[in-house]
Each structure stands twice: as C-alpha cells, then as structure tokens.
Amino acid sequence: MRLRALVLACATASPGLGQADCRQALALGMDVSGSVDAGEYRLQTDGLAAALLAPDVQAAFLAVPEAPVRLMIYEWSGVQDQRVLLDWTEIDSAARLAEAASRLRATRKANGDDPTTAISAAILFGVASLNRQDPCLRRTLDISGDGPSNIGLHPRDLNDTDLGDITVNGLVIGPQSRSNTSKNLHNVKSLEGYYRAFILHGPGAFAEVAEDHADFAAAMRRKLIRELQLPNLSRLVPPQPAGLRLPQ
C-alpha cells in the first residue's frame, strides 16, 4: 500500500504530469538482423511471450493498478528496418499481457537476411515513439541484440540531446550467437562491455545477459522484473510545497 501511495503521489505532484495515470512507458526493441535465423527469431518472440506470462513479471506489471505501465514492442535490423509488433498498450490486467503474448507467438519473421545491425537507428526509433507518448513517471527503452552495430551512426555518438531523460537498458545475447567471433562463454563480457560502454543511458541503466538465444526467455524475465521495479522513489518526487506530506 505504501508503494502504491508513493507512486500516486509522484504522479500527481510531478510538474507536467498533472493527474497522469502512467507510472512507466516501456519500449522493447528486438534485434532481428541477418545473424538471427528463423529458429532464433522464434526463441526471441516466444521467449518474450513466455516472460510476459511469468507470474512474477505479471505481478511487477500490475503492482500499481491505478498507474499502469504502457508497453510497446518492435523489432529492428538495418537503418530503415523497424517493425512494430505491439503498438502502445496499457497493461492494466493479466488479459492484456496474454493478448500481447498471443500476438508475439503469431508473429512471423519478415523476409530478408540483411546482415546490417543499426543499433543507433533502433534506439532513435524507440526514443521517437516514447516521445510521442503522454507523460509517464518513467520512460524506458530496452534494446536486445547479439552483436555490435555495423552501419549508420555509432551508438557512442548519441547524447543527452538525442535521448533526454529516457533510460536505455540492454539485453545482450551472448557468444553462442553466430555474430560473435568467439563461441567461448567466457567472452560474453566483450559484447556486454560494448553495451555498457555505448548503449546504456541514464541513471540506473543496466545490461542483462542471455548466454544464447535459448536463454532469452529467462534473461528477459529477469530484466523485466528489475526494469519494472521503482527503486529509490524519493528521486522521482519533485520538491514539495511547505507543509505537504506524502501519504504513508
């Protein structure tokens, strides 16, 4: 109850939010570039569907019914190749998550095996979509991928002007993917290091690691639970007028 009261207090007290009823806008971008074959594609889409239906993930989504999470899911590859799989949906019930999972399981990989991996374009697509949303307490972009960017703007050249207050997290699909030069599991830190150095943005941004595509569902579940938490709520509360007390 105290968590719910604090979230609602933040929503009503934050400048620009007014009576906002959204605690977080979350955009998930999945890498479907040429290094991802049809089987790996299914491991990702079905894995995300399974993660959305996990009881602890559902509990995290629905923890504050009065201030739901808004969810959008898209896939990306080349500079001009982004496809929305689930447009912005207010997750206000388990049924909404079931609908999202069903849509993911019905999705088929688009034709083409373009080997380009345009991470900056994927990030900017997600940022633009988040910027079109009504205000939320938090705005989070999640980029998953199995290799570094190899075309377009390098992710290190994106800055606060491009990303604003959006938190960018990562899900690194590790060295079992064919795009990695080594199949040694100990080298997972190389791609994870790339994400930490060039992809992550904002306070509390983090990278989750999947050892390979088969581990995607478990890694996505861990990431969503962490992503949907509201750590250190005091940082979300703007300065209050004298005499105003938050509910206990």
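Residues numbered from 1 in each chain as written. Predicted model: local features only at pLDDT ≥ 70, side-chain atom pairs only at ≥ 80, totals over all residues. Heavy atoms only, no water.

1. Let's talk about the confidence of the model for the protein
Looking at the protein, the pLDDT average stands at 85 and 78% of residues meet or exceed 70. Note on residues 11-19: pLDDT is under 50 here. Beyond four places in sequence and across chains, it has 17 contacts. (pLDDT = per-residue confidence, 0-100. Contact = heavy atoms within 4.5 Å.)

2. Focus on the pattern of salt bridges
All chains considered together, the criterion is met by 10 salt bridges. Measuring nitrogen to oxygen at the nearest pair gives 2.7 Å for the salt bridge that ties arginine 83 to glutamate 75. For arginine 139, the salt bridge identified is with aspartate 165, shortest N-O distance 2.5 Å. Remark: aspartate 165 occurs in the loop between α6 (160-163) and β5 (167-173) and arginine 139 occurs in strand β4 (residues 138-145); sequence separation between them is 26 residues. Three or more residues are tied together by salt bridges with common partners; here these are Asp92, Arg96 and Glu99. (Salt bridge = Lys/Arg side-chain N within 4 Å of Asp/Glu carboxyl O. Helix = DSSP H or I, 4+ residues; strand = E, 2+ residues; numbered from the N terminus.)

3. Examining the packing of helix α2 (residues 38-53) against helix α8 (residues 216-227)
α8 packs onto α2 with a crossing angle of 40 degrees between their chain directions and a minimal axis gap of 8 Å. Taken as axis vectors, α2 and α8 run oblique relative to one another. Note on packing geometry: the crossing formed by α2 with α8 is right-handed. On the side of α2, the interface is formed by Leu43, Gln44, Gly47, Leu48, Ala51 and Leu52, while α8 contributes Phe216, Ala217, Met220, Arg221 and Leu224. When the residues that make up the contact of α2 with α8 are grouped by side-chain class, the tally is eight nonpolar, two polar and one charged. (Axes fitted to C-alpha atoms, helices over the stretch in contact; angles between N-to-C directions. Parallel < 35°, antiparallel > 145°, perpendicular 65-115°, else oblique. Left-handed = near helix turned anticlockwise from the far one by under 90°. Nonpolar A, V, L, I, M, F, W, Y, C, P; charged D, E, K, R; others polar.)

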